[in-house]
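Breakdown of the fold
Okay, here's what each chain looks like letter by letter:
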2 protein chains.
Amino acid sequence: MRMPPSKAAPKKTDAPLNGRRSRDREVIEAAVKLFWEKGYASTSVQDVADELGMMKGSLYYYIDGKDDLLRKIFEDSHREVQEIAERHRAADGKAVDRLRAFFEEYALWCLTHLQRASLYAREWRHASEDLRALMAVQRRYYDELLVPMIKSAIAEGSVSADLDIRMANYFIMSAITSIPDWFDPAGKLSADAVAKRYADLAMLVITRSAS
Amino acid sequence: MRMPPSKAAPKKTDAPLNGRRSRDREVIEAAVKLFWEKGYASTSVQDVADELGMMKGSLYYYIDGKDDLLRKIFEDSHREVQEIAERHRAADGKAVDRLRAFFEEYALWCLTHLQRASLYAREWRHASEDLRALMAVQRRYYDELLVPMIKSAIAEGSVSADLDIRMANYFIMSAITSIPDWFDPAGKLSADAVAKRYADLAMLVITRSAS
DNA sequence: CCTACCGATCGGTAGG
DNA sequence: CCTACCGATCGGTAGG
């Protein structure tokens with residue numbers, strides 16, 4: 001049973017989104033902030049317009065519809081995480097090292113994009129039908145991304161052959177993805193320290209599997 | 001136009017809720033199913049009435065308001081998980097064994113109450129203000145519940161003294177709580193098997209912490 | 001980017 | 001548990 005938060009909002013909405021014109025970016029950032037605070041379904045287009053100080057009708061100059069906002073947010077998130085995953089998949093070095101590096105960088109992305117990481121995990125149900133289909137493909141991509149790396153690590157002898165790859169995969173990825181549920185960016189722990197700790201714990205699960 | 005009473009036998013959407021009159025229970029089960037499918041905010045009181053084959057106005061004979069439905073669902077979930085936690089906290093035996101037993105039974109509760117476990121994690125934002133305050137207290141209860149058990153396990157020598165209790169706690173509890181995000185009750189894996197596997201993985205994190 | 005507006009639906013209530 | 005109804009708000013559009 002996940003626990004409700006004790007925490008207040010991070011001061012900055014989220015890490016900046018590159019590659020968009022500045023007003024478009026402000027629109028998306030306002031949506032991210034509000035969707036994160038109240039949920040997608042409970043946030044009205046009026047709320048987003050208020051946040052930006054414009055009339056609701058004017059917002060439709062920037063967006064095609066409310067679901068278009070969610071689509072843009074999800075596409076940005078997926079692109080950024082996919083880039084991280086591809087980089088570590090294709091990197092040189094032992095599979096066990098690439099796995100650890102991926103866990104740490106993915107955790108760090110979640111820690112530095114708390115709102116969008118949380119939204120992606122929480123609000124996919126409100127994506128339009130075709131976007132949900134795309135997200136299902138992306139989900140399989142992530143699941144299968146780790147399998148060859150873990151199998152390589154087993155072939156290297158770094159990981160016990162009787163590791164339940166699927167269970168370990170879900171266990172670790174769920175733990176990392178849930179970081180935004182508890183991490184307080186204004187607290188004592190730094191994002192870097194948590195990312196390293198989480199990568200350590202993940203590798204404990206991967207490499208110390210009992211035979 | 002309203003449809004005629006569609007009613008078939010209420011297919012079981014989740015494990016049964018005890019201690020309520022039968023019609024009250026059906027109302028809550030319909031709400032659980034719909035909130036889980038579409039989210040709380042996107043589910044209208046009309047949707048719940050349709051599911052039960054009654055007029056929207058009639059539903060207010062059973063509930064005080066839409067948020068009352070969510071309150072009842074959350075209270076049931078919390079009561080059940082708290083009972084599990086209290087039992088293992090107060091049990092005899094080594095702390096390390098009580099921890100493992102708690103992890104397994106908590107995982108099993110999530111596996112057999114997929115919809116309510118998922119709702120508690122996902123929809124707490126929509127709880128009324130006083131209910132959210134209560135949930136924050138409950139959250140601290142769960143966090144602090146594990147600490148004495150883990151400390152006892154360290155005192156017993158079952159667990160390394162340099163285990164980062166807080167990190168391990170978040171890592172494990174997040175992983176278990178996220179089970180409803182991927183588990184398919186119609187798939188090949190049994191709930192019992194997953195619960196045992198997850199308890200194994202959790203104990204790997206707890207007991208094999210590197211020094 | 002604003003004004004003015006649309007039909008649909010929202011949660012909820014009175015009275016039976 | 002139903003009928004009939006409420007004011008408020010919803011996402012979205014036309015025309016500028």
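Treat the numbers as computed from the prediction; the structure is a model and nothing was measured.

Let us look at the environment of A:Leu131. Residues and elements named next belong to chain A. Take Leu-131: it is sitting in helix 7 (residues 129-156). Classification of Leu-131 by relative accessible area gives buried; the value is 5%. Sequence separation of Leu-131 and Met-149 is 18 residues, and the distance between their C-alpha atoms is 28 Å.

With that out of the way, let us pick up the relation of the copies chain A and chain B. For the match of chain A to chain B, the screw axis carries a shift of 0.0 Å, the RMSD comes to 0.0 Å, and the turn is 180°. When the rotation and shift are considered jointly, the pair of chain copies conforms to a two-fold rotation axis. Every residue of chain A has its C-alpha some distance from the rotation axis, and the shortest such distance is that of A:Ala175, at 2.3 Å. Both copies share a contact surface, since 85% of the interface residues of chain A are interface residues in chain B too.

Attention now moves to the domain arrangement of chain A. Residues and elements named next belong to chain A. Here chain A is partitioned into domain 1 (10-64) and domain 2 (70-207). The distance between the C-alpha centroids of domain 1 and domain 2 comes to 26 Å. Each side of the interface is counted separately: domain 1 has 18 residues, and domain 2 has 17 residues. Between domain 1 and domain 2, a total of about 1,500 Å² is buried, with carbon and sulfur atoms accounting for 58% of that surface. Here domain 1 and domain 2 share 0 salt bridges between them. Where domain 1 packs against domain 2, one counts 3 residue pairs in polar contact (both at pLDDT 80 or more). Looking at the side of domain 1 that touches domain 2, its residues break down into 11 nonpolar, 2 polar and 5 charged.

The next thing to look at is the confidence of the model for chain A. In low-pLDDT segments, the atomic positions of the prediction should not be examined closely. All names here are of chain A. Scored by pLDDT, chain A has a mean of 90; 90% of the residues are at 70 or more. Looking over chain A, one finds the lowest element-wise mean pLDDT in helix 7, namely 90, and the highest in helix 2 (residues 45-52), namely 98. Low pLDDT, under 50, characterises residues 5-12; the predicted model gives this stretch 11 contacts beyond four residues in sequence or across chains.

Residue and element names in this part refer to chain B. Between helix 4 (residues 66-89) and helix 6 (residues 114-122), the least distance of the axes is 10 Å, while the angle of their chain directions is 105°. Overall, the two elements helix 4 and helix 6 adopt an arrangement that is roughly perpendicular. Residue-level contacts link Ile-73, Phe-74, Asp-76, Ser-77, His-78 and Glu-80 of helix 4 to Arg-116, Leu-119 and Tyr-120 of helix 6. Considered class by class, the residues forming the contact of helix 4 with helix 6 number 4 nonpolar, 2 polar and 3 charged.

Taken together, 14 residues are adjacent to DNA strand D, and A:Lys56, A:Lys66, B:Arg23, B:Met55 and B:Ser58 come closest. The sugar-phosphate portion of DNA strand D accounts for 54% of its atoms within 4 Å of the protein, the bases making up the rest. Within the contact set of DNA strand D, a phosphate oxygen lies 3.4 Å away from a side-chain nitrogen or oxygen of A:Ser44. B:Ser58 has a polar side-chain atom sitting 2.7 Å from a phosphate oxygen of DNA strand D. Looking at the surface near DNA strand D residue by residue, the class counts come to 6 nonpolar, 5 polar and 3 charged.

Let us now look at the protein's contact with DNA strand C. In the vicinity of DNA strand C there are 14 residues, among which A:Arg23, A:Met55, A:Ser58, B:Lys56 and B:Lys66 approach most closely. A share of 54% is what sugar and phosphate atoms reach among the atoms of DNA strand C within 4 Å of the protein. A distance of 3.4 Å separates a phosphate oxygen of DNA strand C from a polar atom in the side chain of B:Ser44. Within the surface near DNA strand C, the residues separate by chemical class into 6 nonpolar, 5 polar and 3 charged.

What follows covers the UniProt feature "DNA-binding region" (unreviewed entry) in chain A. UniProt records the feature "DNA-binding region" (unreviewed entry) for residues 44-63 of chain A in the present numbering. The straight-line gap between the two end C-alpha atoms of residues 44-63 of chain A is 14 Å; of that span, 60% is helix and 0% is strand.

Calculation criteria
- Residue positions are counted from 1 within each chain, in the order its sequence is given.
- Chain letters and ligand numbers both follow the written order, the letters beginning at A and the numbers at 1.
- Local features are withheld for residues below a pLDDT of 70 in this predicted model, meaning they are given only at 70 or higher, and side-chain atom pairs are given and counted only at 80 or more; totals for whole chains, interfaces and linings count all residues.
- With hydrogens and water stripped out, all remaining heavy atoms of the structure feed into the side-chain values.
- Helix numbering and strand numbering both begin at the N terminus, where a helix is a DSSP run of H or I of at least 4 residues and a strand a DSSP run of E of at least 2.
- Here's how the labels work: a residue is buried when its accessible area is under 20% of the maximum for its type, exposed when over 50%, partly exposed in between, all with a 1.4 Å probe on protein chains only.
- Our superposition of the copies is a least-squares fit, built on the C-alpha atoms of residues whose pLDDT is at least 70 in both.
- Two residues form a contact once any of their heavy atoms are found within 4.5 Å.
- Domains are outlined according to an automatic or database domain assignment.
- In this description, buried area is defined as the sum, over both parts, of the accessible area (probe of 1.4 Å) that is lost when the two are combined.
- A carboxyl oxygen of Asp or Glu within 4 Å of a side-chain nitrogen of Lys or Arg is what we treat as a salt bridge.
- Residues adjacent in sequence count toward polar contacts only when both atoms are side-chain atoms; beyond that, a polar contact is any pair of N or O atoms within 3.5 Å, and within protein one must be able to donate a hydrogen and the other to accept it.
- When residues are sorted by character, Ala, Val, Leu, Ile, Met, Phe, Trp, Tyr, Cys and Pro go into the nonpolar class, Asp, Glu, Lys and Arg into the charged class, and all the rest, Gly among them, into the polar class.
- Each residue carries a pLDDT score, the predictor's own confidence in it, on a scale running from 0 to 100.
- All axes are obtained by fitting lines to C-alpha atoms, using only the stretch in contact for helices, and the reported angles, taken between N-to-C directions, cover 0 to 180 degrees.
- Between 65 and 115 degrees an angle is taken as roughly perpendicular, under 35 as roughly parallel, over 145 as roughly antiparallel, and anywhere else as oblique.
- By convention in this text, a residue qualifies as near a molecule or strand provided that one of its non-hydrogen atoms is within 4 Å of it.
- UniProt positions are given in the numbering used here, feature names are shortened, and annotations may be inferred rather than shown by experiment.

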